Each structure stands twice: as C-alpha cells, then as structure tokens.
Amino acid sequence: MTLLRQRVAIFGIAFFLVLALFAPRVQANAYEAELPAGLASAADMCALLPCAEVFPGARHFSERKGQPPYVEAYDHAGADKKLLGYVMLSTDITDTPAYSGKPVVTLIGMDTQGVFVGVKVLKHSEPILLLGIPESALLNFNAQYLGKSVADKIEVGQSRPDEGVLGLDAISGATVTVIAQNQVMMASGSAVARQVGILAPTVRDPARYVVTGKRFTWDELVKQGAVQRLQVLPEQVGLERGPEPFIELWFGDLNQPDIGKSVLGDNSWNNLRMQIKEGDSALFVIRTRGAESFKGSGFVRGGIYDRIQVRQGADAFTFRDLDAINLYGIEAAGAPSFNESAIFIIRSPSFSAAYPWKLSFLGNRVDRATGARSFTSFDSPYWLPAATLEGGRPKVVEPDAPWVRIWKSRAVEIVLFAVLLVAVAVVYAYRETLTRKSTHKNKWPVNAFKYTAWGLSIVFVGFGAMAQPSITQVLTWFHSLLFKWTWSLFLSDPFIFLFWIFIIVTVFLFGRGLFCGWMCPFGSLSEAIFKISRKIGFKRFQTQVPQRWHDRLKWLKYIIFFGLITVSMFSMGLAEKLSEVEPFKTTFLVGVLNRPWPYGLFVAAILGLSIFIERPYCKYICPLGASLAMPSTFRWFGLKRKQDCNSCKACAVGCGAQAIDADGRIDHRECLHCLDCMVLYTDTKACPPLAKERKRREKDGLELTPIGKNGYFIPIHPDTSFTAQISAKAVNGPDPRMPTPPMLPAHKNGARGLAWFWLEVRDHLWPWSAEGWRSQRALQIAGISLAIAASVAWVMAALGSLSSGAIIGWWFGWSVYEVLIRLSGKRYVKDGPWWRDQYRVAGVVDMVSYVGFKNLMLGAALFLVLKSLGWLLP
C-alpha cells in the first residue's frame, strides 16, 4: 500500500505540473495588479492613473476635490479651459465587494450631462476572470455603460421598458461579480452627480419633534440610542494590536430639543440655534479614546475635515471649517471625558434628522504583508428614537438588495428548479419501492426517473440555468467559513445556492451518489454518451479499467482535491488556474467555441473517452466528487447488502462505478447510485442466492413468499429462520453490510444517558488511547506535544499575537498528526446516524475524512468566536 500511495502521489504531482505548464497563458493585467503607492491620499490622482483613457478628448485634469472625491476633466490647461466632465475612482466612494470579497477597483469617466464616457478596471481579485472566464468579458460588460446616463435605472438582466429599467447582459458564470460591479458604477456615478448638480438632490421631509422638557443623563441617552459609539481598532487598519483603540468616537443629534439640551445645556443649545440657519442640522462628535484625530489633515482655514462624513441614503455630507463649531463640554450627567470635540453643521435641505443616517470615519488600511494602503471607511448607524419624533419614525422603504432582485426576477425558474430537486430527492428516498418493481431485464421503473433526471440536469440545469457546481465554490466556501462568511455573496446565485443545499443534505443522508450519479450535469452528460454509444453499436468496444488499476487511479481525485485546498491557502488565483482540471466552465458556462482550443480539446478528450469507459472523469479526476466523497463516509443510509453478497459477484460484475469489492462491500465514497445492485437485491431470477432458493421452492412445490427487508424470502413458517437460505460459503465470510468489519469500543459497551454523551465528547476531542500508547508510544508523545503547541497557538490567536494564516497552519499540522494517532489506537469510525453506536474499523481514508471534517467544524467554530470578539488578526 505504501508503494501504491507513492505512485499515485507522484502521478498527481505530475498531473498538476502538466496542467500548470500547458495551460494557455491568459493575459490578466488587472488581476491583483499593484496600484500606485500613495494613491489613496494623492491630491493629483491623474498623475498616478490613466484618466485620459476613461475620458477621451480631455487634456487636463484637476486635483481631487469634493467628498467623496472626484477630478474635473478639461479640454486643455489654459485660462479659457472648458469643463468636459468628471473622473472618479470607485474605491474613493464605495468598497462594495465582489465574489472574491474584495472590490473591483474601477476608474470611471462621466461627462457634464451624467453620461458615462469611459470605464477602466485597474485591479480585481476575481480568480474566475483569470482563467475560468476571459478578463475581456469584464471589459465587454463595462463597455455597456458607455452612452448610458447615471440617471438611468440600470440593472443586470433583461430590460423592462414598462418599469424604465435598462438591462445589461451578464457574464455567464460570474453573476455575482457583475452585480457588484453594477452597484459600484451606479453608486460612484450618483455620488459625484449629486455633488456637481447633475442629479437633483434628494428631498426628505423635515423632522418634527416631540418636546417634553425632560433632561437625560448620558447613560439614558446611550440606552435609548440618542448617542452612539463608533470604535476602530488598530488591527482593523493594519496596525499592531494594542490596549487602546485606534479611535473611539461618541456622537449624536443636537436638533431634537430634549436631546440637544441634555447634551449641551439650555444656554449652549439656544446659542447654537441662533448661530445656524433654518433648515440646517447639527450633530456633535467627541473622541474619548485613541490617539488618532477625527479632524484630520484638512483642519485648517478653508480646508475640510477629511476624516468625518455623514451619509444618508445615497447622499454624503462633508464639512469645512465654517461648518464646525467648538464644543467645550457635555452637560449630561455621567458623560465621559474627551480630548477632541466638535459640533458639525449640515447645510443641506437633502438631510433630515427624522431619517436614519450614518457617521463614517474615513481612513486607510495598511496591508501588513505588502505595506499597500487602501481606502476604507468605518460606519456607525444612527436614528433618532421614535418617541422623540411626532408620529414616530417615518416609514423608510429601502431598495431590495441585488440578490433579492435576482430571486424575484427569476422566480418561476427558481421554483421549477427547487421542485426538481425536491422531486428527485423524494423519488430517491423511495428507491426500494422502485427497485422492487424492477428486474434485471426491466429496469424502467428506476430508469424512467433516473434518465429523466439526467436529461433535465443536462438541458435545464447545465446549459439552461448554468448551475453546474464546481470545486471553486467549495474553495470559496471553505475560505468564507474560516475567514468571512457573507450570506449575500452566496444568495446572489440562487440556482447554485439551492443546488448546494440539496447536495449537502443528500450527501449526509445518502452519500455523494445522488448528486454525482443523478443530478450532476457533466456526470449526466458523460453517462448519457456512454449509454447512447452502447445503443448505437459501440458496446463491443466498451470496457472497464482493470480493477487493480481502478483501485489505484481512484485516489487521484483525492490528491487533486487536497492539492487545490493546499494551494488555495497560499494563492486563490493559482488554485483557480489549477481548478481548470474541471471541464465544467468550458462545457456549460462559457462554451467550447468561446475558449482557447486546449480547453475544448480537454473536454472532447474526456467526453470521447466516455464512449468507451463509463464516467472516467467522475471516477478518477473530479475534485468536486472527492470533496463530496469524504463526508459520504458518514452517510446515514446506505444501499442494502445481504450476507450472501460476500461470495456472490453478480452485483460487482455489473457495477459501472466499480464500487463493490471482492467481499461484496459497497464503497459509498465511490458509489454513483445507479441502483443496479438494489434491483438485483430483490430480483428472484437475477440474484443468484434468490434464484437458487426460488428453484428449490418451485421444485418442492413450496410457496414463493415475498422478499423481506433482509433480501431473502420471508420464511414460509413464522418460526423458521431465514438463515437457512444463506449459503455455507457465505455464513463464515465478512459482513458485506458495512464497508469495513464492525466493532464496538469496549468503553462504549452499555453506556447510556450522560455517560454515553460524555464518552462521545471525549472520543471526538481526545485522540489518545491505551492501545496507541502500547503500540506507538513515540507517536503518542509527539502528538501530545503537538496538541499542546496547537492549543498555545489558539491562545496566542485569541490574544492577538498570531494571524489567521498561522493558526490554520498549526491546525492543519495537528490534524495530520491526529489521523496518525487515531490509526495507531482509536482506529474506528461510526457508520450511519451519529446517535447510534454502530462502529466499524477505520481505513486511512475513513480516518482522514473523519478528522478533516471534524476539525474543519471545530476550527470554523473557534474562528467565528474569535472573529466575533475581534481577537483574531487578519
């Protein structure tokens, strides 16, 4: 076995090298491109960026102005220069994340009428646009904005003239990316257009207040939400963690008389109202902790406060020196001490204190690995308490989130897809009823449903909805689970989202076979080619890989899967390149004709091989199948076996997946659930043990009773045991109903209640055993040492002394050792539902699957706890 693993490992490494060497070189100039140093704060933005490329005809550009910043474009630099329009950098305005979790940095040109005249992507982190989909697809998508106005209602999808919606063609397979990009374009354009007067300002009803004359303490103001806090920690801006926050601000409204007088006192509040005009609004900000100033570098006469901004809806309000008044003290009892303070005046009729708004602290985040700076903002929401406003808070209708609009626009298709998934799951749940109605010569009660599922998965799911699941989604979800989970990111593709719910549920119920064997579009296409080829005369050329070679090659897909997981921890982009081992994008998402010829040749080779070998890709290469095979180790319900299966080879000979071994055991990690063996299980003419018993009864004139759940004829007399039907050869053979021999750990024998629960927890968390100590003492000692080190690593992470990447490395190392430790002592895993004590001997892959899945869940839980507490470094 050691030599076998070495050969398979060498083959897998060679496979990756060939894939990396011969993959077509695709130019991805914007992928993770380096942006100019100091871009976030440079006044002359166009000296660092190609502004002329997004504004044809412009010869001169101003320095940054306004908040959020923009640049004016002129026809020349002379005194009689003519204003042509504006250029903006998207990340100066919004940091809307795309599928990678990072924004697409875009330079945008807009003329004086609000029409987009140029778009250039400077940097993106979308691996799918690196190889899976040409980067030119994003350029073509952005070109659709040219000639359209910022005043237009632009959405990704079909145009709806009756609703005034202009539609944009999406990028197949990159829906989330283009939806995020549309948000970036429209948010950026609208923000600048409102500043310069292209778009009319938003009109909001002025606030009308309930005045009681009551005065509140500081704690009461905080409790009712009239005063809010905005805190930024050092690690959030890329600095070393320390005992003090980067900055801590408290802020609140001063327009409502009860609140304003509670904060300032009667005299100061009355003086404030005398200094401001009708329609102006006032708020206060104080800094209670942190060395950073919220007034910023623009705190000079005529300058702006470039660290503070108020946002209400799509409007942003900034402050100059004339918009600020000194705040000398807080009158509310119990107010904290502060070392910086100000009262800011919003001089715009667009702002209304009756509606919700946000205070934004603007700054730069430093990447600790590269030193690069990026624009970021930290927001804290504010809304006056309902009791302080006449009639309570006004009703605010927020626009639907992009993912909600997608679900609504494709509601009929989504419902049909959900019905299809539920129907397939329900039909499969009744598989025993179908297989009992089938025979070896007439499998149509099963095949009618199975072939229908294949056809729908190819046509409707694959080519229609383009909902082919991929290993890249597994990698993305793996990283999201460990680092930052964002529901809206995954909800943006409803078909993939629903499909993964189906996959997760059915994998743990039945194993990978229901998805891989019935619903995977590419797997169904491969199987359909094999079946059709058999019907049209290729049967004599069709064969199986010799079992000894099959048993070696099947490990290749696991090597590919673990290789991709490992590479993704260092470079998601490289992992995306290597994931081109999947032909799914070429087949369904992009199309063979839209990709370079090597991709089409790869798909043609796999599908061509499918004419002669049943599902070669699924059995030997597919990393997605490998990722689903591992949790299939713990599926609750498996296919049925009888004792005679250990000596009868009928099912094994006919198994297209070659998932039945010489002892009649089914490897549910490899089984694709064709159900042929389940048809034989109750077929009294095709199953050799049943056929033998049937002939004996017919010869002796005995009754042919139905087939019981155990796969044998129900005894004619109730007091007769069915075991008489088992052949002598099979009686003493292995039990084929479990993948490996059954066993029950001695310490679990007879355990019940709390004692059982304690032993269950201990089994999962404590890998050492007396058996292991006797057989592998050095390994056990090394494991204890590594466990202590890994525990210390988690403590250091909790204290902020260790980064996310480092703790993942430690946790991975510990998981490898835990597999070895358990194999030397606690060499068992559960089979079936976890609440049953149905144990069996664990093979190497069993143990890798168990430890990997368990530690992923434990690690994710610890990550989420530490992240929620703000203790874990990026």
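Everything quoted here is computed from the prediction, not taken from an experiment. All residue numbers refer to positions counted from 1 along the written sequence of the respective chain. The predicted nature of this model means local features are confined to residues of pLDDT at least 70 and side-chain atom pairs, given and counted, to a pLDDT of 80 or more, with totals for whole chains, interfaces and linings taken over all residues. Computation of side-chain values covers all heavy atoms of the structure but excludes hydrogens and water.

1. Re the overall build of the chain
Stage number 1. We count a stretch as a helix when DSSP gives it H or I for four or more residues in a row; a strand needs E for two or more, and each element gets its number in order from the N terminus. When helices and strands are tallied, the chain shows 32 helices and 18 strands.
Stage number 2. With respect to the three principal axes, the spread of C-alpha positions in the chain is 110 × 60 × 55 Å.
Stage number 3. Exposure is judged per residue with a 1.4 Å probe applied to protein chains only, and the accessible area is read against the type maximum: over 50% gives exposed, under 20% gives buried, and values in between give partly exposed. A total of 874 residues make up the chain; the buried ones form 51% of that total.
Stage number 4. Contacts are assigned to residue pairs with any non-hydrogen atoms lying within 4.5 Å of each other. Look at the contacts in the chain between residues 6 or more apart in sequence, and 69% of them connect residues 24 or more apart.
Stage number 5. Within the chain, one finds 94 positive and 71 negative side-chain charges whose respective centroids are separated by 10 Å. Neither His nor the chain termini are counted; the positive set is Lys and Arg, and the negative set is Asp and Glu. Note that the charge is assigned to NZ on lysines, CZ on arginines, CG on aspartates and CD on glutamates.

2. Considerations on a nonpolar patch on the surface
Stage number 1. A cluster of nonpolar side chains, contributed by Trp773, Ile781, Ile784, Ile788, Val792 and Met796, occupies part of the molecular surface with about 500 Å² of accessible area.
Stage number 2. A per-element tally of the nonpolar patch places helix α30 (residues 777–798) first, with 5 residues.
Stage number 3. A relative accessible area of 52% places isoleucine 788 in the exposed class. A patch is a set of surface residues, each over 30% in relative accessible area and not in a salt bridge, joined within 9 Å for like charges and within 5 Å for the nonpolar side chains Val, Leu, Ile, Met, Phe, Trp and Tyr. Only the protein chains shown count as covering a residue, and every accessible area follows the Shrake-Rupley method with a 1.4 Å probe. Every case where a carboxyl oxygen of Asp or Glu lies within 4 Å of a side-chain nitrogen of Lys or Arg is listed as a salt bridge.

3. Here's the deal with unusual backbone geometry
Stage number 1. With phi around 50°, arginine 615 is a residue other than glycine that occupies positive phi space.
Stage number 2. For arginine 615, the location among the structural elements is in the loop between α21 (597–609) and α22 (616–620).
Stage number 3. Backbone geometry at leucine 675 places phi at a positive 75°, although glycine is not the residue there.
Stage number 4. Within the secondary structure, leucine 675 sits in the loop between α24 (650–654) and α25 (676–682).
Stage number 5. The class for leucine 675 is buried, based on a relative accessible area of 2%.

4. Quick word on the packing of helix α18 (residues 556–570) against helix α23 (residues 623–632)
Stage number 1. Geometry is summarised by axes, namely lines fitted to C-alpha atoms with helices restricted to the contacting stretch, and by angles between N-to-C directions that run from 0 to 180 degrees. Viewed as axis vectors pointing N to C, α18 and α23 meet at an angle of 90°, and their least axial separation amounts to 8 Å. As the angle between them shows, α18 and α23 are arranged roughly perpendicular. Here Lys557, Tyr558, Ile560, Phe561, Phe562 and Leu564 of α18 lie close against α23, whose contacting residues are Pro623, Ala626, Ser627, Ala629 and Met630.
Stage number 2. By residue class, the composition of the contact of α18 with α23 is 9 nonpolar, 1 polar and 1 charged. Angle categories: roughly parallel below 35 degrees, roughly antiparallel above 145, roughly perpendicular from 65 to 115, and oblique for all the rest. Gly counts as polar in this scheme, as do all residues outside two lists: the nonpolar Ala, Val, Leu, Ile, Met, Phe, Trp, Tyr, Cys and Pro, and the charged Asp, Glu, Lys and Arg.

5. Points about the sheet that holds strand β2 (residues 71–74)
Stage number 1. Strand order in the open sheet made by the 5 strands is β1-β2-β3-β4-β5, with antiparallel pairing throughout. Unpaired on one side and paired on the other, β1 (60–61) and β5 (116–123) mark the two borders of the sheet.
Stage number 2. In this description, strands pair whenever DSSP reports at least two bridges between them. One ladder, built from 2 bridges, connects β1 with β2; its direction is antiparallel. Looking across to β2, one finds that histidine 60 is bridged to tyrosine 74.

6. Re the environment of phenylalanine 490
Stage number 1. By the element assignment, phenylalanine 490 lies in helix α13 (residues 487–491).
Stage number 2. For phenylalanine 490, a relative accessible area of 4% gives the class buried.
Stage number 3. Put simply, phenylalanine 490 and glutamine 473 are 17 residues apart on the chain and 9.5 Å apart in space, counted from C-alpha to C-alpha.

7. Description of the pattern of salt bridges
Stage number 1. Overall, the coordinates contain 38 salt bridges when judged by the stated rule.
Stage number 2. Here aspartate 379 ties to arginine 311 by a salt bridge, and the two come within 3.9 Å at their closest N and O atoms. With aspartate 379 in strand β16 (residues 373–382) and arginine 311 in strand β11 (residues 308–312), this residue pair connects regions lying 68 residues apart in the sequence.
Stage number 3. Note on aspartate 379: relative accessible area 36%, which makes it partly exposed.
Stage number 4. According to the relative accessible area criterion, arginine 311 is buried, its value standing at 19%.
Stage number 5. We note a salt bridge from lysine 854 to glutamate 818, for which the minimum N-O separation is 2.9 Å.

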